[in-house]
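Each chain, letter by letter, is given below.
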Amino acid sequence: MVAVAYPAQLPADIADFTGRVALVEALRGPLAAEQRQGMTIQAIAGMGGVGKTTLAVHVAHCVRQHFPDGQLYVDLQGAGNTPADPTAILGAFLRHLGIKDDAIPETAAECAALYRSVLDGRRILVLLDNARDAAQVRPLIPGSASCAVLITSRTRLLGLAGAHLVDLDVMGCEEALEMFARIAGPRPADGDCRAAARVIADCGRLPLAVRIAASRLSARRAWTITDLARKLCDEHRRLSTLQAGGQTITASFAMSYRQLDPPQARAFRLLALPESPDISLSAAAALLDLDIDDSEQLLESLVDISLLETLAPCRYRYHDLLRLYATGLARSEDDERERSTAMRRLVDWYCRAAEAARHVLEPWRRQLPGDGSRPGPGTGNADGEPIGIPTSLSHPISARVWLEQERANLLTVSCEADAAGWHHGTWRLATAAHAFLAQHSYGTDSREGLRLGLEAARRMSNPVKQAQCFRDLGGMYDGLGRHEESAAQHHVALALSEEAGDVRGAAEALAGLGRTSYALGHYPQSAEQHRRALSLFTKIADRHGQARSHGGLGMASWFISGHHHKSAREHLRAKTLFETTGDGRGLAHEASNLGLAHWVFGNYKQCARHHGRALALFKQSGDLRGQAIARHGLGLAAWHLGRPGAARDHHLYALDVFRKLSDRRGEAISLQRLGYVQWVTGEYHQGEELLNQALTLGTSISNRQTEAWTLTSLGFLCQRLKRTEEAHEHLDKALELAQTIGDRHCESNAILGLSLTKLSAGRLGSCTETAQRALAQSRHLSNPHGEALAMFTLGLASGVRRQPQEGAAWHHKALCLARRTAEPFTEATALTGLGSACTALGHYGQAERHLNAALTIRQRIADRHGQADTIMALADLMKATGRPQAARSSRDRALSILTEIGATKRLRPGSGAPGSV
């Protein structure tokens, strides 16, 4: 008969156990359940030092009352060189369960069978700590559902049937800080609460490292937390600093490393050479000089034993401390030549991948002499073709995503290539990857990579390559809104290209100068630079360059006196050339530019159509910045077509994208256009706040075009709120700035705003003269929106002079223009003015029809201030037709709307006509 034993073998619970609340509950629940369908097996896996044993022991103590027949524990020593023999463990377990030595079978299978028999029906918890693999654990699993098993291992026990696998990660910041404080104990105040956070970060929030650091601090009472943080900040000393009382973090890592076979050990060491945050499978294959399949097998095996982490398919990373450990091993176990050769393979792979990605995105882009290089060791097949380049780079969207995802790695590799003196590789990465990212609003990330590329080109004494880098830097500064700096870079590039006789380089520099001059509002200068670039591109038969030059000429032509009609023609030429080159992104930009041309000329439906096509093309190429540009155009069209809600949504989308891309120029334009839509629909406070933000940002980046338009919008807003002096000040500044930069459209708008401020001040003669000037300029620019608003202003002035017949004529002309362009805002404004003029003329029936039509439109397009204006005009009509009670009711209704929107002062009907955006 077997004596019943009640083993209680759990190690002591740790008094300072901290955090892991949700995980403890998740593990405890199934173990503590009274009714279980089958054997409960919880297998906790994680890297060395992550706290697997501590967690398992704590959970076991939490549920021990649910296992009254006992708790078995064993350290299986799976991380060491001599893992425990399962048969020997079974024998020990049987003895602890009351089996005599002479009754314990000799064979492993018989031992396991007796073990299961003894445990049958008993409620016993088995804690198997530090398991090597599923094979070691499998004989130790009871057969009875009344028992439960907790397992810890550095390996994910994928082959253990029925086990619930739990991957244990590092601690959260708050948990780690709490644990550190408990162990370190009260410290002398050192005035730096951030020091503890730095310690936790340098420990990688790894529980063992945090415990060692805190214990070491506890043993050095004279140290402050800042002293400890200072020691840990040195990466070369960090691992040696993390030791206390015989505990070291390296000892824990070494146990895992000693399990590796030679190929695994080599991969573990070499993968730590690049100091990038993570590495893709393809890049790892190049670094290791292996094919993709072999590399994946190796890396996944390292993940399985918790020496690597994977947060996404085919992307891997180290824990920070494991990286330091692996780097140290690489320095001590691999010679300099092997390390250098591995890194050279990686640099070459990134060069090829970046060039492949950019070629997919810009297939027209010409290579400079010596732009490519022969495949390095392990990067080519028998035909010399590179291997390992992601196949996804053959698609524009995937290529763009790859460049964006690899931003940090590309800069790291560039720095390492520069440090090794591999100048050609450094330059190739700059021109392929960093230049593209900089031109697409990742300038902040790419600035250092471009600087390294320029230094590399200088060391190679190659003026053509230097010019390329200066052009790329110019594009980066332009994207950041630093246009003066951009111009300076392009001027240097132009001089270098001309000196070297590089016609294409000179043409590209002139094109860059043309873009920069346009951004600065120097429109005639921009046109001249694009013309010079066009001549050079034509000379070398570069159709893509010609297309870009025609597009640039089209943009500049809008704003040059007498040239605006050329705009659409130039954009159509650009569109045709882009079609012949197969450049979808260029086509998208020209569709957007054509849309803007149609906006200027009052063809709002065509504006929306072209921008809709541009948006579709930008989506096809995955160009987020392009999509934001197209959304701006759609927002402009939507507002003019009487859909302010849609306009607001488009501009909000664009604003969000430009902010994510750190595109300050795009952000400033978004703020200006969004602010405009807000205030013209009666949301004055929000509109003014957004416009002031746009003005501040536009001024800070020297974007004078956005600054001028924002000042104009602020002037109209203040005029509508009867802040006449403030309005006049804004509009005067806008006019001066618009004239300085040659923006005739903004100039016309500012003049129109000034005419309204003069009307509000009672200066009728000056108002009429200024409005006539705005009308003449709008007609000269073929801008029907500006024409209609100038006519409306002249109609208002006529009404104040008690010349209603003349006023009615002006309002009728404005109404015809508004209806021709299908612009409801202007139509409602003209109808309100015409209704007021008809009231003054005694044409009451016509007046009521016009005013009711205006009110219907204004209600539909959510123009609340406009509604109040029209209702006030209806009140005047009702008073004139002997309906005083109805007049009072309408007046009260109008005043209620004005109060709600923060515009309580009485205005003349329609006197706050919004200007063009």
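Going by the structure above, here's the rest.
All figures in this text were calculated on a predicted structure; none of them were measured in a lab. (Residues numbered from 1 in each chain as written. Predicted model: local features only at pLDDT ≥ 70, side-chain atom pairs only at ≥ 80, totals over all residues. Heavy atoms only, no water.)

## Description of the pattern of salt bridges
Here's step 1: Applying the stated criterion across every chain yields a total of 42 salt bridges.
Here's step 2: Ionic pairing is found between Asp-16 and Arg-211, a salt bridge with its closest N-O pair at 3.0 Å. A residue pair is termed long-range when its members are at least 10 positions apart, and Asp-16 in the segment before helix 1 (21-32) and Arg-211 in helix 8 (residues 207-219) qualify at 195 residues.
Here's step 3: Between Glu-688 and Arg-723 there is a salt bridge whose closest N-O contact spans 2.6 Å. Of this pair, Glu-688 sits in helix 32 (residues 684-700) while Arg-723 sits in the loop between helix 33 (704-720) and helix 34 (724-741); the two residues are 35 residues apart in sequence, bridging distant segments of the chain.
Here's step 4: Residue Arg-723 is classed as partly exposed on the basis of its relative accessible area, which comes to 27%. (Salt bridge = Lys/Arg side-chain N within 4 Å of Asp/Glu carboxyl O. Helix = DSSP H or I, 4+ residues; strand = E, 2+ residues; numbered from the N terminus. Buried < 20%, exposed > 50% of the residue type's maximum accessible area, 1.4 Å probe, protein only.)

## Some details on the layout of surface pockets
Here's step 1: Of the voids in this model, the second largest pocket is the one considered here, and its volume is about 940 Å³.
Here's step 2: The wall of the second largest pocket is formed by 34 residues, among which Ala-272, Glu-275, Arg-323, Leu-324 and Thr-327 lie closest to the centre.
Here's step 3: For the lining of the second largest pocket, the secondary structure elements donating two or more residues are helix 7 (194-202), helix 10 (235-241), helix 15 (320-333), helix 16 (336-361) and helix 18 (407-419).
Here's step 4: In terms of residue count, helix 15 provides more of the lining of the second largest pocket than any other element does, six residues in total.
Here's step 5: Partitioning the lining of the second largest pocket into residue classes produces 13 nonpolar, seven polar and 14 charged. (1 Å grid on protein atoms, 1.4 Å probe; cavity = no way out; pocket = protein on both sides within 12 Å on 5 of 7 lines; lining within 4 Å. Points joined across faces, edges and corners; volume = space filled by probe spheres on them. Nonpolar A, V, L, I, M, F, W, Y, C, P; charged D, E, K, R; others polar.)

## Considering the packing of helix 25 (residues 543-557) against helix 26 (residues 566-581)
Here's step 1: One way to put it is that helix 25 packs onto helix 26 with a least axis distance of 8 Å and a crossing angle of 160°. Considered as vectors, helix 25 and helix 26 are oriented roughly antiparallel to each other. You can see that helix 25 and helix 26 cross each other, and the crossing is left-handed. Each of Arg-543, His-544, Gln-546, Ala-547, Arg-548, His-550, Gly-551, Leu-553, Gly-554, Met-555 and Ser-557 in helix 25 lies in contact with helix 26, whose residues at this interface are Lys-566, Ser-567, Glu-570, His-571, Arg-573, Ala-574, Leu-577, Phe-578, Thr-580 and Thr-581.
Here's step 2: Of the residues assigned to the contact of helix 25 with helix 26, the class counts are six nonpolar, 10 polar and five charged. (Axes fitted to C-alpha atoms, helices over the stretch in contact; angles between N-to-C directions. Parallel < 35°, antiparallel > 145°, perpendicular 65-115°, else oblique. Left-handed = near helix turned anticlockwise from the far one by under 90°. Contact = heavy atoms within 4.5 Å.)

## Details of the packing of aromatic side chains
Here's step 1: Applying the stated criterion across every chain yields a total of 14 aromatic pairs.
Here's step 2: Ring geometry for Trp-349 against Tyr-350: centres 4.9 Å apart, planes inclined by 85°, an arrangement best described as edge-to-face.
Here's step 3: Residue classification places Tyr-350 among the buried positions, given a relative accessible area of 2%.
Here's step 4: A connected cluster of aromatic rings, assembled from ring pairs, spans Phe-253, Tyr-257, Phe-268, Tyr-318 and Tyr-325.
Here's step 5: A cation over a ring is seen here: Arg-122 above Tyr-6, with NZ or CZ 5.8 Å from the ring centre.
Here's step 6: The cationic tip of Arg-631 hangs over the ring face of Tyr-653; the distance from NZ or CZ to the ring centre is 3.9 Å. (Phe/Tyr/Trp six-rings, centres within 6.5 Å; stacked < 30°, edge-to-face > 60°. Lys NZ or Arg CZ within 6 Å of the ring centre and 35° of its normal.)

## Some words on the pairing of strand 9 (residues 309-312)
Here's step 1: Here strand 9 pairs with strand 10 (residues 315-317) via two bridges, running antiparallel. Following the sheet pairing, Ala-312 is matched in strand 10 by Arg-315.
Here's step 2: Connecting the antiparallel pair strand 9 and strand 10 is a turn made up of two residues, with Cys-314 showing a positive phi of about 65°. (Pairing = 2+ DSSP bridges.)

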